[in-house]
Amino acid sequence: MIARRRLLLAAPLGVAAAGGVAFWSMLTRMQGGTFDPHDIGNPMLGKHLPDFDLPGIAPSPGFSSRDVLAAAQRQPVLINFFMSTCIPCAEEAETLDALSRQGVAIWGIAWEDEPAKSAAFLDRYGNPFTRVGTDRRGTAAIDFGLYGVPESYLIDRTGRIVWHMAGGLSDVVVEQQLTPALARARV
Amino acid sequence: MKAFLVALCLALLSAPAWAISDPREMLPDPAQEARAEQVGSQLRCLVCQNESIEDSGAQLAHDLRAVVRQRVAAGQTDSQILAWMVARYGSFVRLSPPLTLTTLLLWATPVLALLVGSGAALVGRRSFAPAPAPLNAAEQARLDELSRPA
């Protein structure tokens, strides 16, 4: 009887402890960028790059999905959607810059932004992009299944989206996800 | 007061106010616009996640509303438009997702909750201790003595 009573007393404590551990691991993963409770699981992952043709920030030309496919023949292309008023986009600028210095091809798409503001953003936080396109009405973004900025998509030589990140890129995400994905795409 | 009541009645009678911020967003044909609103109200705004794209003020919802209207105007059926959205955003974009293997638990939850609840109630009823035996004469006398006012 006493043993049963002890068990009954321990049960809520056990449940609270398990909940605590689960919550702690969730928060750690959220902080590291490997878990996003809002993530919807992009169904475009594994599919072919959608068709688009975007103007650039004058006087630089923009780019089309055909340009991405041609470049992806040489090495995987990371497409990064950004916006000048988006704070996580400014936060990931350093990570993108480091990636581009390591030779990763990153192509930027300014989402729902005035070209002048996008240009000012790139002046302020650095321009890690090989090419920049502007998707002012967000129609290309919808074909990518984008639901917020920043979002990044890795395109392999077959033109498929092989990796996707909804949210800012951090060193943890690069180390744990992007680097292995790049290695797989380069094989 | 009368004017206020009239205004109140008119407000209550009016159609639900959608998030369309600019009348130019709307289709010129009222029947088509009604169909677009009907389709849009079944689609989740991925930014706020608990509102339909017709209710949401987010920029993405605005873009998706425009796409729905373009497709309605182009003569696509409701299911074609929904399929187009699901291809890009997954079943999650539908506020009422279809019954599939992955949404089985979601749809079965009310039934499961009812089953678990009834089970718990049944077990709880059974485990109640039986009522204590009635007092015998000696105990009753002792109780009477104790409860007699001093």
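About the cut-offs
Residue indices follow the written sequence of each chain, beginning from 1 at its first position. A letter from A marks each chain and a number from 1 marks each ligand, given out in the order of writing. Confidence filtering applies because this is a predicted model: local features only for residues at pLDDT of at least 70, side-chain atom pairs given and counted only at 80 or more, and all residues used for totals across whole chains, interfaces and linings. By this definition, two strands are paired if DSSP reports at least two bridges between them. Each helix is a run of DSSP H or I of at least 4 residues and each strand a run of E of at least 2, with the numbering of both proceeding from the N terminus. Axis definition: a line fitted to C-alpha atoms, limited for helices to the stretch in contact. Angles are taken between N-to-C directions and run from 0 to 180 degrees. Any two residues are considered in contact once their C-beta atoms, placed from the backbone, lie within 7 Å. In this count, Pro and Cys sit with the nonpolar residues alongside Ala, Val, Leu, Ile, Met, Phe, Trp and Tyr, while Asp, Glu, Lys and Arg are called charged and the others, Gly among them, polar. Working definition: the nonpolar core is a set of buried Ala, Val, Leu, Ile, Met, Phe, Trp, Tyr and Cys residues, joined through C-beta atoms within 7 Å. Counting other C-beta atoms within 10 Å of a residue's C-beta gives its exposure: the residue is buried at 20 or more, exposed at 12 or fewer, and partly exposed in between, where C-beta atoms are placed from the backbone. One fewer than the residue count of a helix, multiplied by 1.5 Å, yields its expected span. Bend at a given residue is defined as the angle between two axes, one fitted to the seven residues that end at that position and one fitted to the seven that begin there.

A. Highlighting the sheet that holds strand β6 (residues 151-155) of chain A. Residues and elements named next belong to chain A. Overall, mixed pairing links the five strands, which are arranged β5-β4-β3-β6-β7 in an open sheet. Both edges of this open sheet fall to β5 (132-135) and β7 (161-166), since each of them pairs with a single strand only. Averaged over all adjacent pairs, the angle separating strand axes in this sheet is 20°, with direction ignored. Looking at chain direction, strand β3 (residues 77-82) and β6 are connected through five bridges and run antiparallel. Counted as the bridge partner of Val 77 is Ile 155 from β6. Of the strands in this sheet, β3, β4 (105-111) and β6 touch helix α2 (residues 65-72), which is tilted by about 145° from β3.

B. A look at the interface of chain B and chain A. With 13 residues of chain B at the contact, the number on the chain A side is 13 residues. Per element, the largest residue contribution to the side of chain B that touches chain A is five residues, and it comes from helix α3 (residues 59-73) of chain B. For the side of chain B that touches chain A, a count of residues per class yields eight nonpolar, three polar and two charged.

C. Structural context of the nonpolar core. Ranked by size, the top nonpolar core spans 59 residues in total, and within it Val 68, Ile 79, Trp 111 and Ile 155 of chain A together with Leu 64 of chain B carry the most contacts. Among the elements that take part in this core, α3 of chain B stands out by supplying six residues, more than any other. Setting aside anything within four residues of it in sequence, one finds Ile 79 of chain A in contact with Val 68, Trp 107, Ile 109, Ser 152, Tyr 153 and Ile 155 of chain A.

D. Inspection of helix α5 (residues 104-126) of chain B at higher detail. Residues and elements named next belong to chain B. With 23 residues, α5 ought to run about 33 Å at 1.5 Å a step, and its terminal C-alpha atoms sit 32 Å apart, in line with that. In α5, a bend of some 45° at Pro 110 exceeds every other bend along the element. Little of α5 sits out of view: just zero of its 23 residues are buried.

Scope: geometric values only; no functional claims are made or implied.
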